[in-house]
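This is what each chain is made of:
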Amino acid sequence: MTRPYAEVIGDPIAQSKSPLIHGFWLGKLGIEADYRACHVRPDDFADYLASRREDPLWRGCNVTMPHKQAVMPLLGRIDPPADSIGAVNTILPLGEGALAGTNTDAAGFLEPLGADLARTHYFRMARILGTGGAARAIIAALAGHGFTLVVAGRDPAKARALLDELAPQGEHHAIDLAHFADPTDFAFDDREGCCDLVVNASSLGMTGQPPLPFDWSHAPPGSIAYDIVTAPRDTAFLQAARERGHRTIDGLAMLIGQAAVAFEKFFGQPAPREHDAELRAILTQ
């Protein structure tokens, strides 16, 4: 290989859409560089980093499961917001073999909410379903924007621990995910002037995974439904939300948003976002 390159690493890695996204942008900009996927098992992680430290063509990598937290002790520097999130999804070379870790998940998650967050609200609440790696970035991001959080997981103690670590300020709540599975007749108060989010931050509802047990009677009127799952793009969670009249945001929004932040770090140019519609069509083929 004689051209600069970046890559995405994980175990497994074949499902990653990152090579399609970055390759699309490289082509649009005419940048002579590559972006590829590399299967790295946990036991091979240190050797992988050692080999890349010595490669002058390597521009960095995106990190997916299960490495986002395991990689941190192997890096020379952890930059914001990865230090507060406690997870790294992007590694960058600093020169002379030094490596830095950062996180673009939070920025990618928040991007489609930009217009909402620019408004002033009387109250902001988010119901976050899931306690995995992606939930860490989402909890930290929303807590930083003044949301009261309800984090639901199959293990409420884990949800509580995440809140205590990532959002120690504020009156946040941890509950069992099963709480949202059955219908409720709860009468919500007037939500005008409020911002309500319901976020699926888990893999539930993904192709090959069990369905997400969420009944939309638990969401206030006017809630925004946000699903980080990308396969299928239009999940049952989002379909049910639309049937109840809720606005929806699909997982490609976060995926493309976080990739754009990483792309500029890798290749030194902003991603050509004017082609997002074309990119989305490619990603959903």
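Quick note: structure is the one above.
Residues numbered from 1 in each chain as written. Predicted model: local features only at pLDDT ≥ 70, side-chain atom pairs only at ≥ 80, totals over all residues. Heavy atoms only, no water.

A. Inspection of the sheet that holds strand 2 (residues 34–39) at higher detail. Across the sheet, which stays open at both edges, the six strands sit in the order 2-1-3-5-6-4 with mixed pairing between neighbours. Edge positions in the sheet fall to strand 2 and strand 4 (77–78), since each has one partner strand and no second. In this sheet, strand 3 (residues 58–63) lies alongside strand 1 (residues 5–10) in parallel orientation, the contact comprising four bridges. Bridge pairing links I9 to V63 in strand 3. Each of strand 1, strand 2 and strand 3 touches helix 1 (residues 18–29); the most contacted strand, strand 2, lies at about 170° to it. (Pairing = 2+ DSSP bridges. Helix = DSSP H or I, 4+ residues; strand = E, 2+ residues; numbered from the N terminus. Contact = heavy atoms within 4.5 Å. Axes fitted to C-alpha atoms, helices over the stretch in contact; angles between N-to-C directions.)

B. Examining the sheet that holds strand 8 (residues 148–153) more closely. Taken together, the six strands give an open sheet; going across it, the order is 9-8-7-10-11-12, and neighbouring strands pair in parallel fashion. Two strands lie at the open edges of the sheet, namely strand 9 (173–176) and strand 12 (247–249), each paired on one side alone. Direction aside, neighbouring strands of the sheet carry axes that sit 20° apart on average. As judged from the seven bridges shared by strand 7 (residues 123–129) and strand 10 (residues 194–200), these two strands associate in the parallel manner.

C. Structural detail: the packing of aromatic side chains. In the structure shown here, the tally under the stated rule is eleven aromatic pairs. Relative to F237, the ring of F214 has its centre 5.9 Å away and its plane inclined at 65°; by these criteria the two rings are edge-to-face. Residue F214 is found in the loop between strand 10 and strand 11 (224–227), and its partner F237 is found in helix 8 (residues 236–243); the two are separated by 23 residues along the sequence. One exposure class covers both F214 and F237, and it is buried. Among the aromatic side chains, those forming a connected cluster through ring pairs are W25, Y35, F263, F266 and F267. (Phe/Tyr/Trp six-rings, centres within 6.5 Å; stacked < 30°, edge-to-face > 60°. Buried < 20%, exposed > 50% of the residue type's maximum accessible area, 1.4 Å probe, protein only.)

D. Structural context of the environment of Y226. By the element assignment, Y226 lies in strand 11. The exposure class of Y226 is buried, given its relative accessible area of 0%. Separated by 63 residues in the primary sequence, Y226 and L163 have C-alpha atoms spaced 20 Å apart. If sequence neighbours within four positions are ignored, Y226 has contacts with G108, F109, P112, L113, V198, V199, N200, F237, I249, D250 and M254.

E. Seen up close, the pairing of strand 8. Most of strand 8 sits out of view: six of its six residues are buried. Side chains of strand 8 alternate between two faces, with T148, V150 and A152 and L149, V151 and G153 buried alike. Direction of pairing for strand 7 relative to strand 8: parallel, over a ladder of five bridges. Looking at strand 8, one finds that I128 is bridged to V151. The handedness of the strand 8 to strand 9 crossover, carried by helix 7 (residues 156–166), is right-handed. (Right-handed = clockwise from strand over helix to strand, strands pointing away.)

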